[in-house]
Amino acid sequence: MPDTPNRLFEVACKGCGQVLVTVEHLRDPEIAVLEDHLRACCQSEPLPDAPLLAEIMARVPVTAVDRA
Ligand SMILES: [Zn+2]
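Because the structure is predicted, anything quoted here is derived from the model rather than measured.

**Some thoughts on the sheet that holds strand β2 (residues 19-23)**
The sheet built from three strands is open, its strands ordered β2-β1-β3 with antiparallel pairing. Of all strands in the sheet, those with a lone pairing partner are β2 and β3 (62-66), marking the two edges. Between one strand axis and the next, the sheet turns through 25° on average, direction left out of account. For strand β1 (residues 7-12) and β2, the ladder comprises four bridges, and the chain directions are antiparallel. Looking at the pairing, F9 lines up with V23 of β2. On the sheet, helix α1 (residues 28-41) packs against β1 and β2 and is oriented at approximately 175° with respect to β2.

Structure follows, in structure tokens:
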């Protein structure tokens, strides 16, 4: 059995549609990437200083994709 999952998650920006990260699991480094992008991108809906994970995830639609 392969120990790598065959499913990845594409996390896009709701504001501009850009795919920000493609990952097996969202961890702090990926979440930091999302947060940085949202601060630069979503000026009309700014994040609070210490956003909850839910506040970040509400702005980034996640799509499951099969690994190529
Ligand atoms: Zn964006």
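More follows now that the structure is in view.
**Some words on the coordination of the zinc ion**
The coordination sphere of the zinc ion contains the protein donors C13 (SG), C16 (SG), H37 (NE2) and C41 (SG), at a distance range of 2.0 to 2.4 Å. Here the zinc ion binds four donor atoms, and the angle range of 105 to 115° at the metal identifies the geometry as tetrahedral. Here the donor residues for the zinc ion map to a single chain with the spacing C-x2-C-x20-H-x3-C. Pair noted here: C13 is in the loop between β1 and β2 and H37 is in helix α1, with a separation of 24 residues, a long-range link. Residue class for C13 comes out buried when judged on its relative accessible area of 2%.

What counts and how
Within each chain, residues carry numbers counting from 1 in the order of the written sequence. Side-chain atom pairs in this predicted model are given and counted only at pLDDT of 80 or more, local residue features only at pLDDT of at least 70, and totals for whole chains, interfaces and linings cover all residues. Hydrogens and waters are ignored; side-chain quantities use all the structure's heavy atoms. Two strands are said to pair when DSSP picks up at least two bridges between them. By definition, any uninterrupted DSSP run of H or I lasting at least four residues is a helix, any uninterrupted run of E lasting at least two residues is a strand, and each is numbered from the N terminus. Angles shown run from 0 to 180 degrees and are taken between the N-to-C directions of axes, each axis being a line fitted to C-alpha atoms and, for helices, limited to the stretch in contact. The contact rule is simple, with two residues in contact once any of their heavy atoms fall within 4.5 Å. Nitrogen, oxygen and sulfur within 2.8 Å of a metal are treated as its donors, or within 3.2 Å for sodium, potassium and calcium (Na, K, Ca); water is not counted, so a site can appear incomplete. In these descriptions, tetrahedral denotes four donors with every angle between 85 and 135 degrees, square planar four donors and octahedral six donors with opposite donors over 155 degrees apart and the rest between 65 and 115, and irregular any other case. Exposure classes here rest on a 1.4 Å probe applied to the protein chains alone. A residue is buried below 20% of its type maximum, exposed above 50%, and partly exposed in between.

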